[in-house]
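Breakdown of the fold
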Amino acid sequence: MNHIIVEDKLRDTNPVPVVIAFTPNYFIPASTCLYSIFASLDTEEQMHVICLLSEELPDRLKQKIQLIGGERAQYSFINLQGRLQNIYIDAKYTEVASYRLLLPDLLPEYDKVMYIDCDIIVRNNLVKLYRSVDLGNHYLAAVFEAPMDFQLGHLKVIGCHPDEYVNSGFLIMNLELMRRDNMVEKFIDASKADYLEFPDQDVLNQLCKKRILGLPPFYNSIRTFYLPQYKQYFLKKYTEQDWVDVHRHGTVHYTGAKPWNCLTVEFQLWWQYYELLPEEIKTTEQLYLTGLHLEQYRHATYNPVDYYEEALRRDPIDVRSNNALGLWYIRKGRFRKAEQYLLTAVKTLQKRNPNPYDGEPIYNLGLALKYQGRYNEAYDRFYKSCWNAAWQD
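Positions within a chain are numbered from 1, following the residues in the order the chain's sequence is written. Per-residue local features are limited, in this predicted model, to residues with pLDDT of at least 70; the limit for side-chain atom pairs, both in listing and counting, is 80 or more; totals at the level of whole chains, interfaces and linings are taken over all residues. Only hydrogens and water are removed before side-chain values are computed, so all heavy atoms of the structure are retained for them.

Attention now moves to the overall build of the chain. Only runs of H or I of at least four residues qualify as helices and only runs of E of at least two qualify as strands under DSSP, and these elements are numbered from the N terminus. Within the chain one finds 17 helices and 9 strands. Expected size for 393 residues packed as a compact globule is a radius of gyration near 21 Å; at 22 Å, the chain falls within 12% of this value. Dimensions of the chain along its principal axes, counting C-alpha atoms only, are 65 × 45 × 45 Å. When burial is assessed residue by residue, the chain has 55% of its 393 residues classed as buried. Whether two residues are in contact is decided by their heavy atoms, any of which lying within 4.5 Å being enough. In the chain, the share of contacts with a sequence separation of at least 24, taken over all contacts with a separation of at least 6, comes to 73%. In the structure as shown, the chain presents an accessible area of about 18300 Å², 48% of it carried by carbon and sulfur atoms. The size measure is the radius of gyration over C-alpha atoms, and the globule rule it meets is 2.2 Å times the number of residues to the 0.38 power. We call a residue buried when its accessible area falls under 20% of the maximum for its residue type, exposed when it is over 50%, and partly exposed in between, using a 1.4 Å probe and counting protein chains only. Accessibility throughout is a Shrake-Rupley quantity obtained with a 1.4 Å probe, and a residue counts as covered only by protein chains that appear here.

A 1.4 Å probe that fits but cannot get out identifies a cavity on a 1 Å grid over protein atoms alone, an open set with protein on both sides within 12 Å along at least five of seven lines counts as a pocket, and a residue lines either if it has an atom within 4 Å of a point. Grid points are joined across faces, edges and corners, and a volume is the space filled by probe spheres set on the points. In the structure shown here, the tally under the stated rule is 3 cavities of 30 Å³ or more. The computed volume of the largest cavity comes to approximately 80 Å³. Counting only elements with at least two residues in the lining of the largest cavity, the list comes to α11 (267-275) and α12 (279-297). Among the elements that take part in the lining of the largest cavity, α12 stands out by supplying 5 residues, more than any other. Grouping the amino acids of the lining of the largest cavity by side-chain chemistry returns 9 nonpolar, 3 polar and no charged. Ten residues, namely Ala, Val, Leu, Ile, Met, Phe, Trp, Tyr, Cys and Pro, are considered nonpolar, four, namely Asp, Glu, Lys and Arg, are considered charged, and the remaining ones, Gly among them, are considered polar.

On to the layout of surface pockets. It is a probe the size of a water molecule, rolled over the atoms, that shows where empty space is left. Size it by volume and the second largest pocket reaches roughly 630 Å³. Elements represented by at least two residues in the lining of the second largest pocket include exactly α1 (27-39), α2 (59-65), α12, α14 (319-331) and α15 (335-349). When its residues are assigned to classes, the lining of the second largest pocket shows 11 nonpolar, 4 polar and 11 charged.

Function-wise, these values are silent; they only describe arrangement.
Structure follows, in structure tokens:
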């Protein structure tokens, strides 16, 4: 089993760099992930949190996220809007997923960093892991997946052996070696191929294969590691004890369905950490998420509109609550009222970016206009929403 190599650097007291990338609408998942990271550290351990952004994050959100970790945390924000051009982006993802490929050049001050996806709840000490791993001549340390039969065809297409394919949601990256070997240029060139199913992950596996150090699976426990019907595949790669460790203290990676949207594997764990966030972060977000929950489960006595309206009383330009209310009133046939909320959401989205990441409010505004018989205006909105791949169908 190719697990970690231990190096005696545990006395190092410098802040450990951890990189996280997110879009503004993933602010809450990113905050929850970061909270779980610091909750798993010893009290004296420090981290340098480097946030890679798809667009400029408002100052109020920067101030809020920096509450996480307190004096143990240093924060940096890097806006990478427009940095990745002409690479292949699968419709299921955004270019943010490929920002990790730029890290060797983005962070010349570091020889080694950790990267983590924001749809993760950490239940292990990452500072101790970082200081114990000697990457040597390896480009990466990561957790190998346990592929299932239906995945084998894709792995063959991209030239990867089933036993040697890692999940890129949690990485320890050898930036020094990658810079020496000019890997960023190679990553970007390989990212132009349109057969990639998981663009950044496939590229890292293609170009780093045979030079990836395996981590124990509890450091990045993907969805299939928790489901008993997939245990047979897990045990082809790992041991019974690994299975036990994943279920006892695995760092949960919510591949597939997200717990802030629907019921999924380890759903309650994510909400436990969300509830521990500073109140300043949860203020409008909790109201929006509560309203969404009430809509999804059609609660008999509570009205989701009350929660959306309270969120807007506190933050009148909140995009998600305006969009939710607009969609609510479309369903109720109150199209003029829906238009008012959706216009606010769209104006906020387009304040800094005429082609925002999330096209849903623009599409919903098109619906509200269509149902009022304003077809030309509706067409313009539908056309604009197609900038986002999720609304092209």
